[in-house]
Amino acid sequence: YTSGHSRRVKEYAVQIARLMGYDTAAVEKIGTAALLHDVGKIYDKYAPILAKEARLTPEEWAVIKEHPADGANLIATMTRLRELVPAVMHHHENWDGSGYPKGLKGDEIPLASRVIMFADTFDAMTTKRPYRGPLDEAAVRSELVKCRGKQFDPEIADRLLTSDFWRTLFPPAGRRTPT
């Protein structure tokens, strides 16, 4: 699951970065960071939690919240990837400052992390989970509108809401095929 999730998040993040008009180097950096955003979950402490089908306990949730820092620390050991540390570290920061691990707010959040937040959330909402099926287009749009300026960067949210990005998530034939 995690491997497929990371590949989809990368594809969505690249599409969003292109939609936002970022240059080729930024799009590539965002794509690589998106692919690695959950790499911290490779540690053994996450295995039983990730395999669990029921809701997480507060203690389990506290452990899961460590994965961005664990991933950032892991990629910081690789010279070629060090520039991606902030993007991986802060991909769960919310626009209003309510996210983790540092509670960054607004423009304090690295741009790549803000893009990954959308891509990660889209994949979570549009894939089957143990506790629910995939959400439809109306539900995903509603969530984006509801969380604009809270969880999500409002500028990116507005661009996505008025774009053709939705055809990637919900193609007419009913098959998701990120490009």
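As a reminder, the structure under discussion sits directly above these lines.
Reading the values: rules and limits
- Residues numbered from 1 in each chain as written.
- Predicted model: local features only at pLDDT ≥ 70, side-chain atom pairs only at ≥ 80, totals over all residues.
- Heavy atoms only, no water.
- Phe/Tyr/Trp six-rings, centres within 6.5 Å; stacked < 30°, edge-to-face > 60°.
- Helix = DSSP H or I, 4+ residues; strand = E, 2+ residues; numbered from the N terminus.
- Buried < 20%, exposed > 50% of the residue type's maximum accessible area, 1.4 Å probe, protein only.
- Core = buried A, V, L, I, M, F, W, Y, C linked by side-chain atoms within 4.5 Å.
- Contact = heavy atoms within 4.5 Å.
- Axes fitted to C-alpha atoms, helices over the stretch in contact; angles between N-to-C directions.
- Parallel < 35°, antiparallel > 145°, perpendicular 65-115°, else oblique.
- Left-handed = near helix turned anticlockwise from the far one by under 90°.
- Nonpolar A, V, L, I, M, F, W, Y, C, P; charged D, E, K, R; others polar.
- Salt bridge = Lys/Arg side-chain N within 4 Å of Asp/Glu carboxyl O.

Centre-to-centre distance and the angle between the planes together describe a pair of aromatic rings. Scanning the entire structure with this criterion turns up 6 aromatic pairs. The interplanar angle of 80° and the centroid separation of 6.1 Å between the aromatic rings of W61 and Y100 together place this pair among those described as edge-to-face. You can see W61 sitting in helix α4 (residues 58–64) and its partner Y100 sitting in the loop between α6 (85–89) and α7 (111–126), a full 39 residues away along the chain. Relative accessible area serves as the criterion here: at 41%, W61 is assigned to the partly exposed category. Since its relative accessible area comes to 12%, Y100 is described here as buried. Ring pairing ties together the aromatic residues Y12, F118, F122, F152, F165 and W166, which thus form one cluster.

In this section: the nonpolar core. Side chains of nonpolar character tend, in soluble globular proteins, to be buried together. Counting 41 residues, the largest nonpolar core has I16, F118, F122 and L144 as the members making the most contacts within it. Looking at this core element by element, the count peaks at 8 residues for α7. Each residue touching L144, except ones within four places of it in the same chain, is listed here: F118, F122, F152, A157, L160, L161 and W166.

Across the chain, the bulk of peptide bonds are trans and the bulk of non-glycine residues have phi less than zero. The linkage connecting Y100 with the following residue, P101, adopts the cis geometry, with an omega of 15°. Summarising the element assignment, P101 is placed in the loop between α6 and α7.

Looking now at the environment of T32. Its place among the elements puts T32 in helix α2 (residues 24–36). Remark: the alpha-carbon pair of T32 and D136, spanning 104 residues in sequence, is separated by 28 Å. Residues contacting T32, with those up to four places away along its chain left out, are L81 and L84.

Relative orientation of the contacting elements α7 and helix α9 (residues 154–161) amounts to 50°, with a least axis distance of 10 Å. Between α7 and α9, the interaxial angle falls into the category oblique. Judged by the twist between their axes, the crossing of α7 over α9 is right-handed. Contacts from R114, V115, F118 and F122 of α7 reach α9 at I156, A157 and L160. Split into classes, the residues belonging to the contact of α7 with α9 amount to 6 nonpolar, no polar and 1 charged.

Turning our eyes to something else, we now look at the pattern of salt bridges. This model, assessed by the stated rule, comprises 11 salt bridges. Across the pair E66 and K45 runs a salt bridge whose closest N-O atoms are separated by 2.4 Å. Of this pair, E66 sits in the loop between α4 and α5 (67–75) while K45 sits in the loop between α2 and α3 (47–51), placing them 21 residues apart in sequence. E66 gets classed as partly exposed once you look at its relative accessible area, which sits at 34%. For K45, a relative accessible area of 37% puts it in the partly exposed group. E60 is the partner of K52 in a salt bridge, and the nearest nitrogen-oxygen pair spans 2.5 Å.

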